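So you can see what is in the structure, the chains are spelled out below.
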Amino acid sequence: MALSSPKCPSSQFALRPSPAPRSQRVAAASSSLSCPPIPRRLFSKRVSSQSRANRRWNVASVHDAARTLPISPAKEIDLKKVENGVSSAISAEEYRDLAGLSTRENSTVSITVVGASGDLAKKKIFPALFALYYEDCLPEHFTIFGYARSKMTDTELRNMVSKTLTCRIDKRENCSEKMEQFLGRCFYHSGQYDSEENFAELDKEIKKHEAGRLSNRLFYLSIPPNIFMDVVKCASKSASSANGWTRVIVEKPFGQDSESSAALTRGLKQFLVEDQIFRIDHYLGKELVENLSVLRFSNLVFEPLWSRQYIRNVQLIFSEDFGTEGRGGYFDNYGIIRDIMQNHLLQMLALFAMETPISLDAEDIRNEKVKVLRSMKPLQLEDVVIGQYKSHTKGGFTYPAYTDDKTVPRDSLTPTFAAAVLFIDNARWDGVPFLMKAGKALHTRRTEIRVQFRHVPGNLYRSFGTDLDRATNELVIRVQPDEAIYLKINNKIPGLGMRLDRSNLNLLYAARGTEAFHSL
Ligand SMILES: NC(=O)C1=CN([C@@H]2O[C@H](COP(=O)(O)OP(=O)(O)OC[C@H]3O[C@@H](n4cnc5c(N)ncnc54)[C@H](OP(=O)(O)O)[C@@H]3O)[C@@H](O)[C@H]2O)C=CC1
Ligand SMILES: O=C1O[C@H](COP(=O)(O)O)[C@@H](O)[C@H](O)[C@H]1O
């Protein structure tokens with residue numbers, strides 16, 4: 001089924017409930033007011049005034065426990081318009097207001113992409129920012145700074161970024177013109193992550209562009225987590241906003257284990273209040289992951305089947321057909337389990353397996369997900385397989401081994417592949433294996449959830465061609481590429497006689513070209 005694509009990002013945030021019903025999002029899109037509705041959960045009642053914990057960071061915000069969206073302190077916003085999440089389409093300007101990005105008060109927003117020389121920044125962050133710019137969802141006065149240790153000029157950054165910008169959106173009018181304008185707003189500053197002095201230099205550069213306007217600053221930590229603290233400390237001391245808000249987006253993985261995760265949180269809180277910290281897992285912004293709860297909770301046909309009674313196993317599969325390619329600096333310290341399984345796949349699993357939440361508020365969904373995680377049996381070593389990709393030749397081309405990557409130590413034992421069987425010890429899922437598989441440099445690029453159903457007891461058609469005991473129903477939720485949901489069913493081959501075959505009942509998404517980071 002083809003779905004028309006909204007013009008503007010849907011402001012869908014990690015750990016947030018399902019988005020607006022499709023019809024409403026499309027309505028928003030087709031409106032001349034271009035930006036889509038913002039979910040109610042972003043406007044929970046808990047409004048904190050200016051940060052008491054740390055006045056340097058000077059923020060006022062609306063706080064939603066699982067995910068926060070601070071808004072500009074001085075702003076009066078008609079929240080009724082967005083009560084119940086998605087009641088009406090809103091304008092680009094209102095969208096910016098709600099995100100605290102208004103320009104009405106002559107304010108600026110400076111976005112610093114820390115780790116701008118890296119993979120995430122190049123592949124996803126700059127393109128997502130461009131998509132927002134294209135859709136007029138960034139404020140009038142905004143500037144983007146790349147910050148990293150690598151030496152680069154502004155022009156080199158622009159050249160690097162321009163290679164990954166695309167006009168993914170439906171209308172491609174003036175795309176190259178818009179790109180030029182966007183690139184003109186991008187600057188680069190080279191510095192160390194633990195140097196207050198270098199961040200003070202960045203501060204000076206930012207100030208030049210702020211030109212005395214109200215200063216709002218966003219730091220996107222597109223770096224390995226072990227240097228988050230250095231950056232937050234230095235940015236806090238030397239480059240935070242003096243009169244507007246300062247926010248920090250923190251990438252996964254949030255530490256190495258629960259101890260280091262708690263230490264990271266404690267560390268961040270020395271310099272930030274919770275409202276300033278935005279933890280992101282971009283898989284939660286993927287269309288099919290967002291659709292998971294909709295599929296299950298708004299279709300009578302699925303929910304009754306969603307249990308051990310009918311489901312034999314669930315597989316969560318992530319595979320990439322490329323290796324680390326220069327990302328060893330980050331990846332080698334974390335490995336595939338911490339890079340993919342513990343966050344992206346586990347989030348998908350929790351959404352898949354949770355009980356019906358009380359509401360679509362982020363906190364209610366989070367509570368249900370936590371119950372799933374707490375019901376999980378601790379993993380045993382024998383339930384896990386790990387591996388690392390080796391060099392191989394195919395079609396006359398030799399693909400490098402993981403340890404051939406110059407950014408990876410030659411003797412690295414970091415896993416690039418892992419498979420694990422997980423069990424959820426509760427009434428719904430007792431005994432159902434949840435198989436997770438994740439790997440880099442495999443044959444295909446694919447992320448999907450495969451739900452295999454039990455055999456039909458006493459199947460009448462056992463003797464008709466197909467081995468129906470094996471060919472059980474399977475529901476496939478293909479997250480990427482070529483998003484689709486299809487159900488494998490057994491049916492009769494048309495014509496004389498009785499021969500059976502397996503077919504797919506399809507919900508194919510046309511190439512919509514949306515990208516999770518764009519909406520997040
Ligand atoms: N790549 C992706 O698609 C995604 C990545 N992420 C997350 O983004 C973060 C960054 O990932 P990614 O961009 O892929 O990683 P990279 O390895 O590309 O690292 C980003 C930048 O950080 C600096 N860096 C790398 N290693 C180190 C190190 N050991 N010490 C200090 N600086 C270092 C480098 O900049 P320089 O040397 O110039 O300072 C590098 O360009 C991670 O937390 C990852 O989980 C999340 C979603 C998707
Ligand atoms: O978080 C990460 O995700 C990417 C894959 O993201 P996708 O949206 O392209 O599927 C992965 O390559 C990277 O290792 C990891 O850090």
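Residues numbered from 1 in each chain as written. Chains lettered and ligands numbered in written order. Predicted model: local features only at pLDDT ≥ 70, side-chain atom pairs only at ≥ 80, totals over all residues.

To continue, consider the site of ligand 1. Ligand 1 sits among 23 residues. The nearest are Gly 118, Arg 149, Ser 150, Gly 329 and Tyr 330. Of all the secondary-structure elements, those providing two or more residues to the shell around ligand 1 are α3 (119-134) and α10 (328-331). Along the lines of polarity and charge, the residues of the shell around ligand 1 split into eight nonpolar, seven polar and eight charged. There are two domains that each give the shell around ligand 1 at least three residues, and those are domain 1 (22-280) and domain 2 (285-516). (Near = placed C-beta within 6 Å. Helix = DSSP H or I, 4+ residues; strand = E, 2+ residues; numbered from the N terminus. Nonpolar A, V, L, I, M, F, W, Y, C, P; charged D, E, K, R; others polar. Domains from an automatic or database assignment.)

Helix length check: helix α11 (residues 335-353) (19 residues) gives 25 Å between terminal C-alpha atoms against 27 Å at 1.5 Å per residue, within 8%. Along α11, the largest kink reaches about 40° and is centred on Met 341. The buried fraction of α11 amounts to 17 of the 19 residues, a majority that puts the element mostly inside the structure. (Expected span 1.5 Å × (residues − 1). Bend = angle between axes of the 7 residues up to and from the residue. Buried ≥ 20, exposed ≤ 12 C-beta atoms within 10 Å, placed from the backbone.)

Mean pLDDT over the chain stands at 80; residues scoring 70 or higher make up 75%. Note on residues 1-90: pLDDT is under 50 here. Beyond four places in sequence and across chains, it has 221 contacts. If you check the scores for this complex, the pTM reads 0.81 and the ipTM reads 0.98. (pLDDT = per-residue confidence, 0-100. Contact = placed C-beta atoms within 7 Å.)

Here the focus is the environment of Ala 401. Within the secondary structure, Ala 401 sits in the loop between β12 (397-399) and β13 (417-423). Here Ala 401 is in contact with Tyr 389, Lys 390 and Ser 391, once residues within four sequence places are set aside.

A few words now on the pairing of strand β17 (residues 484-492). Each regular strand displays side chains that alternate between the two surfaces of the sheet. Alignment of strand β16 (residues 474-480) against β17, held across five bridges, turns out to be antiparallel. Counterpart to Arg 478 in the pairing with β17 is Ala 484. (Pairing = 2+ DSSP bridges.)

For the rest of this paragraph, the subject is the environment of Arg 149. Along the polypeptide, Arg 149 turns up in the loop between β4 (142-148) and α4 (154-162). According to the C-beta neighbour criterion, Arg 149 is partly exposed, with 14 such atoms within 10 Å. Among residues more than four places away in sequence, those in contact with Arg 149 are Ser 190 and Gln 192.

Sheet architecture is open: six strands sit in the order β5-β4-β3-β6-β7-β8, paired in parallel fashion. On the outer flanks of this sheet lie β5 (186-190) and β8 (277-280), each paired with one strand and no other. Along the sheet, successive strands turn relative to each other by an average axial angle of 20°, direction set aside. Bridge count between β4 and β5: five bridges; the pairing is parallel. Of the residues in β5, the one forming a bridge with Gly 146 is Tyr 188. (Axes fitted to C-alpha atoms, helices over the stretch in contact; angles between N-to-C directions.)

This next bit is on unusual backbone geometry. Across the chain, the bulk of peptide bonds are trans and the bulk of non-glycine residues have phi less than zero. Here the amide bond leading from Lys 252 into Pro 253 is cis, since omega sits at -10°, within 30 degrees of zero. The residue Pro 253 is located in the loop between β7 (246-251) and α8 (258-271) in this model. Across the junction of Gln 480 and Pro 481, the peptide omega takes the value -15°, indicating a cis bond. Mapped onto the elements, Pro 481 comes out in the loop between β16 and β17. Residues other than glycine seldom take positive phi values, yet Asp 482 does so here, at roughly 50°.

What follows is about the pairing of strand β6 (residues 214-221). The element β6 is largely enclosed, with a buried count of eight among its eight residues. In β6, alternate side chains face the same way, and those of Leu 214, Asn 216, Leu 218 and Tyr 220 on one face and Ser 215, Arg 217, Phe 219 and Leu 221 on the other are all buried. By the bridge criterion, eight bridges tie strand β3 (residues 107-114) to β6 in an arrangement that is parallel. When the sheet's bridge partners are listed, Val 113 is paired in β6 with Tyr 220.

Now for helix α6 (residues 196-210). Taking 1.5 Å per residue as the helical rise, α6 with its 15 residues ought to reach 21 Å, and the 20 Å between its terminal C-alpha atoms agrees with that figure. Buried-residue contacts for α6 involve β3, β4, β5, β6 and α7 (228-238). A positive phi of about 50° marks Ala 211, the residue just after α6.

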